[in-house]
Structure formats: C-alpha cells, structure tokens
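# Understanding the architecture of this molecule
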Amino acid sequence: MKRNFFYPITPMANQIGTMVEDLLNNGLNDFFGGQAFQSTVPAVNVSENDNAFIVEVAAPGLKKEDFKVSVEKGYLNISTSQEKETEETKENYTRKEFSYSKFSRAFKLPEHADAAKISGSYNNGVLKLTIEKKVAIKDEKTIEIQ
Amino acid sequence: MLRFNLAGYDKSEIKIKTEDNLITISTHPAENTNAEKIRLSEFRKMEMKRNVRIPVDVVKESIQAKYENGILEIIMPKDENLNKSINIE
C-alpha cells in the first residue's frame, strides 16, 4: 500500500509533538521530532458511517473544558493542556508543586468532511468528536449516446 | 490506592472482586453493534483481567472503588491499629 503522509514541523513551542496524518490512511506510530519533550500522543480511533466521521481520543482523567479543538486549513487540531498546582504551608516553609502535561495531535480532514459541523462529548475518559459529512450535491447527468 | 487507566469503558463493563488477599479487576466490554467503517484503530476495548495483592494491613471491608472520566480508583484503607509505635518502659 502506498503511504501518503508527511510530517511538517512547526516552529511554535506549543506544536511540539504534533502528528499529522491523513484521515483516509492508516496512522503511524513514529513521528518526526522524537519524544524528547513533555507532550505525549494519545491513542485515537477514527471510524465513519454514512453521515459522519467519528474521532475518539483516549484521554482519561480530564474535563471537557481541558480540550481545545480547532480546524485550520483543512486540519483538525486536538490539544489539551492541564496545569496542576498544589500548595502546602507548614510552620517554616511553603511548598508549591506545579505539574504540566499536554498533548497535541492533528489530522488532515478529507474533502467531504464538513468542518463547520463538528460536535463533541467527553465520556468515560474518551473525547468523541463527530464531524458530519458534506451532503453530496446531486449533479449527475445522464448523457445519451446517439 | 490503585489507579487504572480504563478510557472508553463504561462503569457497567468493569468488575472488581476480592478473594482472600487478592483483588481482581476485570473488564467485560459490551458487544459493539455499530456498523461503522474503521479508519484508524489505536485503542480497542478488550476483555482484560488483573490481580493485585492486598497488603496485610488493609481493612478489606472498607475497600472502595470510584470510576470517573476513564480512571478507576481503588482505595484500600489501612488499619491504623496495626501500625503502632511501642513505648519502651
């Protein structure tokens, strides 16, 4: 099977670890840039039915508000960043701990995906995005052979 | 405290059982009757099972489990009376 993908590297710091895949091809597990950074890549399932594409991201322990979903230039971007801060005050000192974890993943949307019609829900640790397909414009003409 | 990443499983698909000093966590996914075409499958719901030994100082009757947002948390409270410091007279 001919693989049809590319891995652009974007210089922006918050795009570290971004994976770009074509929705119509199989995803790949390795990506350009390595995993030297804190961000990780979560597991994703993509399926489709007659009306829509369904993208499921396995990301347990988060809240719906933690996710940022956007569409830019035909790419669906899913990212999350979670900041945790704990503070502990004792007699002599105060201890503050800060932990930061995030991920970012992008998918190329096929032509017939309607980027304006995306809905999402977060259930059981899975973010489920439903991207409706564009309604096909019936433009078929039967040409008679004379 | 035990924490399991069970993203995608519904509470009804998870079973927790204790037997003697072993706690068994298993998943039993319901049949997926969606007639959807799969484009990419990086995680799948499967039948899984895992055993964890319960430490001796845990009060077994007070073991609790919570499942939220794909994370199963099992809290095993310790018996405070077992960990006492003994004064030397």
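Now for a description of the structure that goes with this document. All values derive from a computational prediction rather than experimental measurement.

Thresholds, definitions, all that
- Residues numbered from 1 in each chain as written.
- Chains lettered and ligands numbered in written order.
- Predicted model: local features only at pLDDT ≥ 70, side-chain atom pairs only at ≥ 80, totals over all residues.
- Heavy atoms only, no water.
- Helix = DSSP H or I, 4+ residues; strand = E, 2+ residues; numbered from the N terminus.
- Buried < 20%, exposed > 50% of the residue type's maximum accessible area, 1.4 Å probe, protein only.
- Contact = heavy atoms within 4.5 Å.
- Areas by Shrake-Rupley, 256 points an atom, 1.4 Å probe, with all protein chains shown as cover.
- Pairing = 2+ DSSP bridges.
- Buried area = accessible area lost by both parts, 1.4 Å probe.
- Salt bridge = Lys/Arg side-chain N within 4 Å of Asp/Glu carboxyl O.
- Polar contact = N/O pair within 3.5 Å; in protein donor to acceptor, adjacent residues only side chain to side chain.
- Phe/Tyr/Trp six-rings, centres within 6.5 Å; stacked < 30°, edge-to-face > 60°.
- Lys NZ or Arg CZ within 6 Å of the ring centre and 35° of its normal.
- Axes fitted to C-alpha atoms, helices over the stretch in contact; angles between N-to-C directions.

Turning our eyes to something else, we now look at the overall build of chain A. Scanning chain A from terminus to terminus reveals zero helices and eight strands. The linear arrangement of helices and strands in chain A, starting from the amino end, is β-β-β-β-β-β-β-β. Of all 146 residues assigned to chain A, the portion counted as buried reaches 33%. Here the analysis covers contacts within chain A between residues at least 6 apart in sequence; of these, 51% occur between residues at least 24 apart. Of the roughly 10,200 Å² of accessible surface on chain A, a fraction of 48% belongs to carbon and sulfur atoms.

Check the secondary structure of chain B and you find zero helices and seven strands. Listed by position from the N terminus, the elements making up chain B come as β-β-β-β-β-β-β. Of all 89 residues assigned to chain B, the portion counted as buried reaches 29%. Taking contacts inside chain B between residues at least 6 apart in sequence as the whole, the part at least 24 apart equals 52%.

This brings us to the pairing of strand β2 (residues 44-48) of chain A. Regular strands place side chains that alternate from one sheet face to the opposite one. Of all five residues that make up β2(A), five are buried, and the element is covered over most of its length. Because side chains alternate across β2(A), one face comprises the buried residues Val44(A), Val46(A) and Glu48(A), and the other comprises Asn45(A) and Ser47(A), equally buried. Summarising the sheet, β2(A) and strand β3 (residues 52-58) of chain A pair through five bridges and their orientation is antiparallel. Across the sheet, Glu48(A) pairs through a bridge with Phe53(A), a residue of β3(A). The pairing of β2(A) with strand β4 (residues 37-41) of chain B spans four bridges and is classified as antiparallel. Residue Asn45(A) lies in a different strand from β4(B), and its bridge partner there is Ser41(B).

Turning our eyes to something else, we now look at the environment of Asn32(B). Residues and elements named next belong to chain B. Note that Asn32 resides in the loop between β3 (22-27) and β4. Taking relative accessible area as the criterion, Asn32 reaches 60% and is therefore assigned exposed. Spatially, the C-alpha atoms of Asn32 and Lys45 are 9.5 Å apart, while their sequence positions differ by 13 residues.

Looking now at the interface of chain A and chain B. Each partner contributes residues to the interface: chain A has 30 residues there, and chain B has 18 residues. Taken as a group, Asn45(A), Glu48(A) and Asn124(A) account for 32% of the area that chain A buries against chain B, more than any other trio of residues on that side. The interface formed by chain A and chain B holds two salt bridges in total. Between Arg39(B) and Glu48(A) there is a salt bridge, and its shortest N-O distance comes to 2.3 Å. Between the two partners, chain A and chain B, sit 13 residue pairs in polar contact (both at pLDDT 80 or more).

Here we take up the packing of aromatic side chains. Residues and elements named next belong to chain A. One pass over the structure, following the stated rule, counts one aromatic pair over all chains. For the ring pair Phe67 and Tyr122, a centre distance of 5.1 Å and an interplane angle of 55 degrees mean the geometry is tilted. Within this pair, whereas Phe67 is found in strand β4 (residues 67-72), its partner Tyr122 is found in strand β7 (residues 113-123), the two being separated by 55 residues in sequence. Seen from the ring of Tyr75, Lys108 lies directly overhead, with NZ or CZ sitting 5.6 Å from the centre. Above the face of the Phe53 ring, Lys133 is positioned so that its terminal group lies 5.2 Å from the ring centre.

Now for the sheet that holds β4(B). With antiparallel pairing, the five strands of this open sheet are ordered in space as β7(A)-β8(A)-β3(A)-β2(A)-β4(B). The sheet terminates laterally at β7 of chain A together with β4 of chain B, the two strands that pair on one side only. Averaged over all pairs of adjacent strands, the angle between strand axes in this sheet comes to 15 degrees, irrespective of strand direction.

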